[in-house]
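Residue-level structural notes
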Amino acid sequence: MRLRSSLAMALAIVVVPIAAYFAFVSWDIYRVRSICKAIRPGISVDAARLIVKDWGLESWLPKPDGAYPNGVRDDQDGTWFFAIPAASTMGDVTCGISHDGRVIVSVDLLEW
């Protein structure tokens, strides 16, 4: 009986954290995919920021008082780019957003 309970405890110690990790990764990817579905070309940058905040990923938004307040500038077409990653995937799932300073120009779900 003692061996059986020890084996069950050892199994729980291994299985529960692994299951929790996969659940978190799935949730993280779901949030980024949902953001990319909700943000469409033509909506305002402010509306896009609100969508990202609603999903709890505002820490990835460009900071208004930071070095790149609108994101990274593309001098060729005059747009800015920023990305909202699923951090648990180390950037393998990312929502890439380009804008002209007022409205969203393009949104791409980048998955590797």
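Residue indices begin from 1 for each chain and proceed along its sequence in written order. Totals for whole chains, interfaces and linings use all residues, but because this is a predicted model, local features are given only for residues with pLDDT of at least 70 and pairs of side-chain atoms are given and counted only at 80 or more. To obtain the side-chain values, all non-hydrogen atoms of the structure were used and water was disregarded.

1. Observations concerning the side chain of Arg 31
The secondary structure listing takes helices from DSSP runs of H or I that are at least 4 residues long and strands from runs of E that are at least 2 residues long, numbered from the N terminus. The topology assignment puts Arg 31 in helix H1 (residues 2-38). Throughout, exposure labels follow a simple rule: accessible area from a 1.4 Å probe, protein chains only, divided by the maximum for the residue type, with under 20% read as buried, over 50% as exposed, and the rest as partly exposed. Arg 31 gets classed as buried once you look at its relative accessible area, which sits at 13%. Polar contact is defined as a pair of N or O atoms within 3.5 Å, subject to the rule that within protein one atom must be able to donate a hydrogen and the other to accept it, and that residues adjacent in sequence are counted only when both atoms are side-chain atoms. Among the polar contacts listed, one links the side chain of Arg 31 to the side chain of Asp 28, at a separation of 3.0 Å. Discounting residues that sit within four places of it in the chain, Arg 31 has contacts with Trp 55, Gly 56 and Leu 57. Whether two residues touch is decided by their heavy atoms; if any such pair falls within 4.5 Å, the residues are in contact.

2. Focus on the state of the cysteines
When two cysteine sulfur atoms are found within 2.5 Å, that pair is recorded as a disulfide. One pass over the full model with this rule turns up one disulfide. Each disulfide pairs two cysteine sulfurs, and for Cys 36 the partner residue is Cys 95, the sulfurs being separated by 2.0 Å. Looking along the S-S bond of the Cys 36-Cys 95 disulfide, the torsion reads about 120 degrees, which is the right-handed sense. With Cys 36 in helix H1 and Cys 95 in strand S3 (residues 93-99), this pair connects stretches of sequence that are 59 residues apart. Across the pair, exposure class does not vary: Cys 36 and Cys 95 are buried alike.

3. Overview of the pattern of salt bridges
Pairing is possible between side chains of opposite charge, provided their charged atoms come close. Here a salt bridge means any side-chain nitrogen of Lys or Arg lying within 4 Å of a carboxyl oxygen belonging to Asp or Glu. One pass over the structure, following the stated rule, counts four salt bridges. Where Arg 33 meets Glu 111, a salt bridge forms, and the shortest distance between an N and an O atom there is 2.6 Å. Highlighted residues: Arg 33 in helix H1 and Glu 111 in strand S4 (residues 104-111), separated in sequence by 78 residues. Residue Glu 111 is classed as partly exposed on the basis of its relative accessible area of 41%.

4. A look at the pairing of S4
Strand residues, when the strand is regular, have side chains that alternate between the two faces of the sheet. When DSSP finds two or more bridges between a pair of strands, those strands are recorded as paired. Taken together, the seven bridges between S3 and S4 define a ladder with antiparallel strand orientation. Bridge pairing in S4 links His 99 to Ile 104. Between S3 and S4, which pair antiparallel one after the other, the connecting turn spans four residues, and Gly 101 there sits at a positive phi close to 105 degrees.

5. A closer look at unusual backbone geometry
At Met 90, a position not held by glycine, the phi torsion is positive, near 55 degrees. Tracing the backbone through its elements, the reader meets Met 90 in the loop between strand S2 (79-85) and S3. What makes Met 90 exposed here is its relative accessible area of 78%.

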